[in-house]
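The residues making up each chain are set out below.
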Amino acid sequence: MTERVAEPMLDIVAPDISHIVTEDDTPVDNLASEKQQRLLVEPLYSSSQLKRPFVAAVNVGIFTTTREPPVVPDMFLSLDVEVAEDWWAKAHRSYFIWEFGKPPDVVLEIVSNKEGHEAGRKLQIYARIGVRYYVIYDPQMLVQDQILQVYELHVGEYWARPDYLLPKVGLELTLWEGEFEARREQWLRWCALDGDLIPTGAERAEQEHIRAEQEHIRAEQERTRAEQERTRAEQEHTRAEQEHARAERLAEKLKALGIDPDAV
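What comes next is a walk through the structure.

Cut-offs applied
- Residues numbered from 1 in each chain as written.
- Predicted model: local features only at pLDDT ≥ 70, side-chain atom pairs only at ≥ 80, totals over all residues.
- Heavy atoms only, no water.
- Helix = DSSP H or I, 4+ residues; strand = E, 2+ residues; numbered from the N terminus.
- Buried < 20%, exposed > 50% of the residue type's maximum accessible area, 1.4 Å probe, protein only.
- Contact = heavy atoms within 4.5 Å.
- Pairing = 2+ DSSP bridges.
- Right-handed = clockwise from strand over helix to strand, strands pointing away.
- Axes fitted to C-alpha atoms, helices over the stretch in contact; angles between N-to-C directions.
- Salt bridge = Lys/Arg side-chain N within 4 Å of Asp/Glu carboxyl O.
- Core = buried A, V, L, I, M, F, W, Y, C linked by side-chain atoms within 4.5 Å.
- Expected span 1.5 Å × (residues − 1).
- Phe/Tyr/Trp six-rings, centres within 6.5 Å; stacked < 30°, edge-to-face > 60°.
- Lys NZ or Arg CZ within 6 Å of the ring centre and 35° of its normal.

Re the overall build of the protein
No. 1: Counting its regular elements, the protein contains 4 helices and 11 strands.
No. 2: By the burial criterion, 32% of the 264 residues in the protein qualify as buried.
No. 3: Intrachain contacts of the protein at a sequence separation of at least 6 include 55% that bridge at least 24 residues.

Laid out in structure tokens, this is it:
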């Protein structure tokens with residue numbers, strides 16, 4: 001009987017990316033977009049909402065192949081992936097789909113002019129590479145007739161959702177009026193699926209400070225109540241002793257008069 005020789009396992013060879021430009025260091029964002037992008041990323045990292053590994057980033061190139069230039073969304077979120085330890089290495093500096101093994105789950109574009117093709121070419125690109133949710137945030141309504149639109153991928157095609165839910169990633173988006181970094185504005189924010197706003201690190205620290213102050217006030221109130229109860233108890237004890245002393249003096253006087261105090 002001829003012994004079967006096991007076939008050697010083939011190593012998966014990473015593609016040559018020496019010719020790829022991963023970043024060009026060109027500043028392109030306006031102040032409003034830059035601040036909004038940070039508001040979309042920081043709360044995800046400073047909270048424990050997702051409870052799973054993820055990568056969230058702004059203005060980082062997504063490469064589908066080595067032959068095509070990257071698409072660079074304003075913000076993306078990819079679940080169940082992790083950044084490599086050596087993230088300065090060229091092979092890990094961008095979001096290479098062949099390295100992470102999947103496209104991002106969410107891509108978000110912030111419209112600031114009519115030149116970005118967010119509702120046209122980019123929508124088609126993100127559908128082609130398999131991004132589950134595509135979000136267009138258009139605060140000036142330059143390319144669509146609503147400020148916010150969430151698209152969900154169905155068999156390679158985006159369908160507009162009637163809401164701001166992203167159920168497969170366990171998140172929801174909301175338009176929130178409030179102050180972020182000394183700027184009061186309408187902001188795009190993340191929520192849990194129950195509608196609870198996901199706070200920034202600063203907001204959570206402020207909430208903790210308020211809770212600590214409230215606990216301190218409650219503790220002071222409890223201490224004050226305890227002091228008042230102790231004072232009332234001491235007063236009652238003093239009154240009882242005074243009543244006892246008066247009763248003793250009265251009994252002595254009655255005895256001096258030859259009267260039995262117990263008979264009175």
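From this point on, the discussion continues.
A few points about the environment of Pro167
No. 1: Mapped onto the elements of the fold, Pro167 is located in the loop between strand E9 (165–166) and strand E10 (171–180).
No. 2: Sequence spacing of Pro167 and Glu152 is 15 residues, and the spatial spacing of their C-alpha atoms is 9.9 Å.

Describing the pairing of strand E5 (residues 106–110)
Residues in a regular strand project their side chains so that they alternate between the two faces of the sheet.
No. 1: With 5 of its 5 residues buried, E5 lies for the most part within the structure.
No. 2: Residues Val106, Leu108 and Ile110 point to one face of E5 and Val107 and Glu109 to the other, with burial holding for every one of them.
No. 3: The pairing of strand E3 (residues 75–79) with E5 spans 3 bridges and is classified as antiparallel. Of the residues in E5, the one forming a bridge with Leu77 is Val106.
No. 4: Note: E5 against strand E6 (residues 133–137), 5 bridges, orientation parallel. Looking across to E6, one finds that Ile110 is bridged to Tyr137.
No. 5: Between the parallel elements E5 and E6, the chain passes through helix H3 (residues 121–129) in a crossover that is right-handed.

What to know about the sheet that holds E5
No. 1: On the basis of which strands lie adjacent, the open sheet formed by 6 strands has the order E1-E3-E5-E6-E7-E8 and mixed pairing. Among the strands making up the open sheet, the edge pair consists of strand E1 (54–57) and strand E8 (157–160). Recorded for the sheet is a direction-independent mean angle of 15° between the axes of neighbouring strands.
No. 2: Against the sheet, helix H1 (residues 31–46) makes contact with E1, E3, E5 and E6, and its axis sits at roughly 165° relative to E1, the strand it touches most.

As for the pattern of salt bridges
No. 1: Under the counting rule described, the total for this entry stands at 19 salt bridges.
No. 2: A salt bridge links Lys102 to Asp105, with the nearest nitrogen and oxygen atoms 2.6 Å apart.
No. 3: Judged by relative accessible area, Asp105 falls into the buried class, the value being 12%.

Here's the deal with the nonpolar core
No. 1: The biggest cluster of nonpolar side chains holds 24 residues, and the ones touching the most others in it are Leu44, Met75, Leu77, Leu108, Leu173 and Trp190.
No. 2: Every element with two or more residues in this core is listed here: H1, E1, E3, E5, E6, strand E7 (148–154), E10 and strand E11 (183–191).
No. 3: If near-sequence neighbours (up to four positions away) are discounted, Leu44 is found in contact with Leu50, Phe54, Ala56, Met75, Leu77, Leu171 and Trp190.

Concerning helix H4 (residues 201–256)
No. 1: With 56 residues, H4 should cover 82 Å at 1.5 Å per step; its first-to-last C-alpha distance of 81 Å lies within 8% of that length.
No. 2: Immediately downstream of H4, the backbone of Gly258 shows phi near 80°, a positive value.

Observations concerning the packing of aromatic side chains
No. 1: With the rule as written, the count across this model stands at 10 aromatic pairs.
No. 2: Consider the rings of Tyr126 and Tyr134, whose centres lie 5.0 Å apart with planes at 50°: the pair is tilted. Like Tyr126, the residue Tyr134 is buried in the burial classification.
No. 3: Relative to Trp187, the ring of Phe180 has its centre 5.6 Å away and its plane inclined at 85°; by these criteria the two rings are edge-to-face. With respect to burial, Phe180 and Trp187 carry one shared label: buried.
No. 4: Three or more aromatic residues link up through ring pairs in this structure, and these residues are Tyr126, Tyr134, Tyr151 and Tyr158.
No. 5: Across from the ring centre of Trp176, 4.5 Å away, lies the NZ or CZ of Arg189, which sits over that ring.

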